[in-house]
4 protein chains.
Amino acid sequence: MTTDAPSHHLFHWVVSLSCDDGPGIVHAVSGAIVAARGNITESQQFASLDTGRFFMRVQVESPAGREEFEAALAPVRERWNMTLHLDEVGRPLRTLVLASTAGHCVNDLLFRQRAGQLPVEIPLVLSNHGTLRDLVDFYQVPFESLAITDAAAKRAFEQRVLDAVDEHDIELVVLARYMQILTPELCDALAGRCINIHHSFLPGFKGANPYRQAHARGVKLIGATAHFVTSDLDEGPIIEQNVVRVDHSRSVAELVAIGQDEESRTLSQAVKWFAERRVLVDGARTIIFR
Amino acid sequence: MTTDAPSHHLFHWVVSLSCDDGPGIVHAVSGAIVAARGNITESQQFASLDTGRFFMRVQVESPAGREEFEAALAPVRERWNMTLHLDEVGRPLRTLVLASTAGHCVNDLLFRQRAGQLPVEIPLVLSNHGTLRDLVDFYQVPFESLAITDAAAKRAFEQRVLDAVDEHDIELVVLARYMQILTPELCDALAGRCINIHHSFLPGFKGANPYRQAHARGVKLIGATAHFVTSDLDEGPIIEQNVVRVDHSRSVAELVAIGQDEESRTLSQAVKWFAERRVLVDGARTIIFR
Amino acid sequence: MTTDAPSHHLFHWVVSLSCDDGPGIVHAVSGAIVAARGNITESQQFASLDTGRFFMRVQVESPAGREEFEAALAPVRERWNMTLHLDEVGRPLRTLVLASTAGHCVNDLLFRQRAGQLPVEIPLVLSNHGTLRDLVDFYQVPFESLAITDAAAKRAFEQRVLDAVDEHDIELVVLARYMQILTPELCDALAGRCINIHHSFLPGFKGANPYRQAHARGVKLIGATAHFVTSDLDEGPIIEQNVVRVDHSRSVAELVAIGQDEESRTLSQAVKWFAERRVLVDGARTIIFR
Amino acid sequence: MTTDAPSHHLFHWVVSLSCDDGPGIVHAVSGAIVAARGNITESQQFASLDTGRFFMRVQVESPAGREEFEAALAPVRERWNMTLHLDEVGRPLRTLVLASTAGHCVNDLLFRQRAGQLPVEIPLVLSNHGTLRDLVDFYQVPFESLAITDAAAKRAFEQRVLDAVDEHDIELVVLARYMQILTPELCDALAGRCINIHHSFLPGFKGANPYRQAHARGVKLIGATAHFVTSDLDEGPIIEQNVVRVDHSRSVAELVAIGQDEESRTLSQAVKWFAERRVLVDGARTIIFR
């Protein structure tokens, strides 16, 4: 993506890494950055007592191109057996959006993407209904619909997802109220790069119809949860959650309308953090370097 | 409680009622108020589509004393077969507090009571430990402790609760982190007048150790729930809930400390609304006339 | 708008009124509703100690058409010298949107309008730039732009506003980040029916560049304020406010991006309440019957 | 305070520093930590584009005692001309509390201190009224009152403050609703170590009676601001702010009661962060390493 440029050009790199914790890691990483003539513009770290893992995210301005930067980091990566990702700050993440009939999350993602607030590029929105074609067309994003009428059609849909992932070199799949349960096979294939928005404050109301459950239970706050998709339904690591206050006078329909705002902004926030490499996974939990 | 005063004195009455919904209720109630020379200073109402019940709370300034006011309301109450409660605005509710070792909720209740922010009087704090004696003494509130070491001791404790309820004509029992599960018998005896604070955003993390569960699950918001006690553990009608944002860096101990603030203010808020006759029960839900 | 229908049809009326406070108003209004065979589905009231005015909003299901309903209310209106407005619940309010170059508020209004969450119809978006033409076209709403290059052009723009208000029988003018100061003449002409979104938590940062001011001052929360437009700049009655937490690491550009979400939802909320006749003015303050 | 212990003991150090920004600082600091056999348990940093300053806070577990740790850091401090502070994590900060008649903030500080949630020790509460003597006595904290009846009495009070600061080696002075304006001389003497709670969301309502102003203006959120005291009244760097939603029905007295909760928790939060060395000053703004 990036070729080395003349040295007066400054690259802006983001390094995210994890490894087993121990003394000297920060010193080693910052030493590599100094060696690459870099200046740290943002840095966060976290040592997990739960798993004994160390997590770090650093943004670095440096004249070093990718090759030089990777070379400087290589010995540190090896020494600490790091999972390490190097990327350019602001590079749009190639993102596939899966949708169904509800437009609020899709509209929010596309509007923010176009407004420059969301560092993603979206080569395709794929839906099991045609409802959102006009909306997606407006944003000049390709749209396909493929009805899911039976198990065979579902397999075909999921195969289309996998093909699109390959074809467009997809780095993130977003379930923008897609409303279908992914097969375990697809969950596995997309592990760690598939984000869902659940329309409740998990683990509060799992499963279908959470707003109806929330109404029946008379809760005073309703919310939304963005989480990684795993084959354990509604149990993947949580990335972001929001709630909003409601009262007894709200009907289920009103709870739905109120909740959709939370869904949209919660999902967009999770996608933004993921695209900015701020989301790292620590067992069943996420580290968010905001 | 109130004897009729000369007519230049203005009483401040609060009427809370429920009945099956139908046309003309508000007109009938307001007619009775006019008949009692009353002026409405606050009024809320709600018709529940779930249960078909109508709920109303009215505050009225009137020269009419209790007898006259009750007489004016009587035909309306009968005609609509109302559950109706008449009280004076601001009269302190006789409240029994049950506690264990944690002081934050008890301190918050007692401090607010003394500061005039909570219209309750507390003739007794009863605990299964002696830990909070000094704190309660400071507020010059009687304190008793009675250890719960076995089933017999638990029966004795609960009998002491019932005796205290009788003795002090208790209108509300508050479980201020009492940490013991009430027997179904006691739940029944206190039905509709016993409020518990649960240290999670129900229905999120029921049972013990919710902060540990919240940590393990990596939720991004933790909270507290004040609810009526029923024999169905952690499932009674919810009165108030609050949440606060946390991140991955918080240990379980920190979640506990952060959560205690939410517990204190959520419980005190629920007690305040109950004492002000703002909490009505509609099946499994509450109506809160804030 | 509504012709009387056969009596088995139920109209859903909303009555909003204000008058000098005194005893018996609620009884009189509910009596008129009984006379019109109405059933109250929602009711709120407020007596202002600041101004001595009484405010009420009632929703009523009734077989009575407009003529019959108005006739039932007429004696009460006269007796109490009420300012009274009768409308059908859910009737879309004819709304003119003024914009400039920023699209977030306009997109939010149009998306919600189309999704059925905002009871308005928008016959025209009028802007002093052409930037938003594509966006507005997508929602199939007429769009006009008229550059404001000097005082004469500004007069022409404002005259176009007034003509559009007449032409489309406009009930509400929304300044969706219009960025121009209205002349006192236009403020007067639109008094009580023109809502602006200010990009700060008023009265915190008046005037231009509030996000720059917020950054310089290092505030920990930024916000947005929807208010009625008066000739006293940024001082009109406040309808709704929201804030969001920020920290020292946010640049001015980031504050702007974060704040835009608050602006969008705050403005849309204010428009929704206004369209639902939930906003009444009490001197320099608003009464919001949520 | 700390004497060097045998090397199997682990100290927990907190280092907070600032210096002019430039490449290599993190590497130099982490190198010194490695030299002192330290393991970083928490680290935050920030480079201010406004002032060109670099800020860092690091927590380090290390067998090195103060002398050894300081020696390891000395060359780095000199090389970068750092303002650097070294302390032990959790050491209680010697804190003087100034109060007047309102007890909510004082009670909150003392309760949290005693509950182990606030790493401060409070050798004295000093007030210009005797009102809070009982409250402070309960927490077994020394209390003095000294009436401020005229300018001379005010000078005497402020002299008592300065004497107490010397006598108890005070590191932080907290104005817990002290309600008096400090003289410029006292502001200067306490610069950077004196925190005030202002009962509004600054810069919204400066000066006296902010809740009355908020009521008159009809704001929909009220709040509190904890800030450093400077001679420029209500303009010192902001440390923390909170808001809570209110509506038109709230009287000034109710706004005051509601606001007091925000004041208490906002002030206690600011004191906690300061005591944990998480608050650094960057011109007119604060850096908060939460």
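Parameters and conventions
Residues numbered from 1 in each chain as written. Chains lettered and ligands numbered in written order. Predicted model: local features only at pLDDT ≥ 70, side-chain atom pairs only at ≥ 80, totals over all residues. Contact = placed C-beta atoms within 7 Å. Helix = DSSP H or I, 4+ residues; strand = E, 2+ residues; numbered from the N terminus. Nonpolar A, V, L, I, M, F, W, Y, C, P; charged D, E, K, R; others polar. UniProt positions renumbered as here; feature names shortened; annotations may be inferred. Buried ≥ 20, exposed ≤ 12 C-beta atoms within 10 Å, placed from the backbone. Least-squares fit on C-alpha atoms with pLDDT ≥ 70 in both. Domains from an automatic or database assignment. Pairing = 2+ DSSP bridges. Axes fitted to C-alpha atoms, helices over the stretch in contact; angles between N-to-C directions. Expected span 1.5 Å × (residues − 1).

A look at the interface of chain D and chain B
Think of interface size as the accessible area that goes away when the parts come together; that is how it is often given.
Piece 1. Taken together, the contact between chain D and chain B spans 10 residues of the former and 10 residues of the latter.
Piece 2. Taken together, the elements giving at least two residues each to the side of chain D that touches chain B come down to α3 (104-114) and α8 (252-275) of chain D.
Piece 3. Broken down by class, the residue content of the side of chain D that touches chain B amounts to four nonpolar, four polar and two charged.

Some points on the UniProt feature "active site" (unreviewed entry) in chain A
Residues and elements named next belong to chain A.
Piece 1. Within this structure's numbering, the places UniProt gives as "active site" (unreviewed entry) are D234.
Piece 2. For D234, the location among the structural elements is in the loop between β10 (221-228) and β11 (238-245).
Piece 3. Classification of D234 as partly exposed rests on a count of 18 C-beta atoms within 10 Å.
Piece 4. Discounting chain neighbours no more than four positions away, the residues touching D234 are H198, L202 and K206.

Some details on the relation of the copies chain D and chain B
Piece 1. Rotating chain D by 180° and moving it 0.0 Å along the rotation axis overlays it on chain B with an RMSD of 0.0 Å. Both chain copies can therefore be described as sitting about a two-fold axis. Minimal C-alpha distance to the rotation axis in chain D is attained by D:F138, lying at 3.1 Å.
Piece 2. Interface overlap between copies: 100% of the residues of chain D at the interface are likewise at the interface in chain B, consistent with a symmetric, same-surface contact.

As for the environment of D:R277
Residues and elements named next belong to chain D.
Piece 1. Within the fold, R277 resides in the loop between α8 and β12 (279-282).
Piece 2. For the pair R277 and H199, spaced 78 residues apart in sequence, the C-alpha separation works out to 24 Å.
Piece 3. Excluding its chain neighbours within four sequence positions, the residues that come into contact with R277 are V14, S16, R57, H85 and D87.

Examining the domain arrangement of chain A
All names here are of chain A.
Piece 1. Split into domains, chain A comes out as domain 1 (11-88) and domain 2 (93-288).
Piece 2. Taking only C-alpha atoms, the centre of domain 1 and the centre of domain 2 are 31 Å apart.
Piece 3. In this complex, domain 1 contributes 12 residues to the contact, which on the side of domain 2 involves six residues.
Piece 4. Of all the elements in the fold, those that place two or more residues in the side of domain 1 that touches domain 2 are β1 (11-20), β3 (53-62) and β4 (83-88).
Piece 5. Residue composition of the side of domain 1 that touches domain 2, grouped by class: three nonpolar, five polar and four charged.

Considering the pairing of β10(A)
Residues and elements named next belong to chain A.
Piece 1. Most of β10 is tucked away: eight of the eight residues are buried.
Piece 2. Every second residue of β10 is oriented toward a common face, with L221, G223, T225 and H227 on one face and I222, A224, A226 and F228 on the other, all of them buried.
Piece 3. As paired elements, strand β9 (residues 194-198) and β10 share four bridges and run antiparallel to each other. For H198, the partnering residue across the bridge sits in β10 and is T225.
Piece 4. Here β10 pairs with β11 via seven bridges, running antiparallel.

Observations regarding the sheet that holds β11(A)
Residues and elements named next belong to chain A.
Piece 1. Ordered by their spatial adjacency, seven strands build an open sheet running β7-β6-β5-β8-β9-β10-β11, and the pairing between neighbours is mixed. At either margin of the open sheet sits one strand with a lone partner, and together these are β7 (143-145) and β11. The mean inter-strand angle of the sheet, taken between neighbouring strand axes irrespective of direction, is 20°.
Piece 2. The strands touched by helix α8 (residues 252-275) within the sheet are β5 (93-99), β6 (120-127), β8 (172-175), β9, β10 and β11, with β10 carrying the most contacts at an inclination of about 30°.

A closer look at the interface of chain A and chain B
Piece 1. Contact residues are listed per partner, giving 23 residues for chain A and 23 residues for chain B.
Piece 2. For the side of chain A that touches chain B, the secondary-structure elements that each account for two or more residues are α7 (210-217), β11 and β13 (285-288) of chain A.
Piece 3. Classifying every residue of the side of chain A that touches chain B by side-chain character gives 12 nonpolar, six polar and five charged.

Focus: the relation of the copies chain A and chain B
Piece 1. With an RMSD of 0.0 Å, the fit of chain A onto chain B corresponds to turning through 180° and sliding 0.0 Å along the axis.
Piece 2. When you check the interface residues of chain A against chain B, 100% turn up at the interface there too, and the contact is symmetric in its surfaces.

Looking at helix α5 (residues 151-167) of chain B
Piece 1. Between its first and last C-alpha atoms α5(B) spans 24 Å; for 17 residues at 1.5 Å apiece the expected length is 24 Å, and the two agree.
Piece 2. The first or second residue beyond α5(B) is B:D169, which carries a positive phi of 55°.

Some thoughts on the UniProt feature "domain: ACT" (unreviewed entry) in chain A
Piece 1. Here the UniProt-annotated "domain: ACT" (unreviewed entry) positions come out as residues 14-91 of chain A.
Piece 2. This span, residues 14-91 of chain A, is 33% helix and 41% strand, and a straight line between its end C-alpha atoms measures 10 Å.

Quick look at the environment of C:I222
Residue and element names in this part refer to chain C.
Piece 1. Counting through the fold element by element, I222 comes out in strand β10 (residues 221-228).
Piece 2. Residue classification places I222 among the buried positions, given that 25 C-beta atoms sit within 10 Å.
Piece 3. Setting aside residues no more than four positions away along its own chain, I222 makes contact with F201, Y211, A214, V243, V244, V246, L255, I258 and G259.

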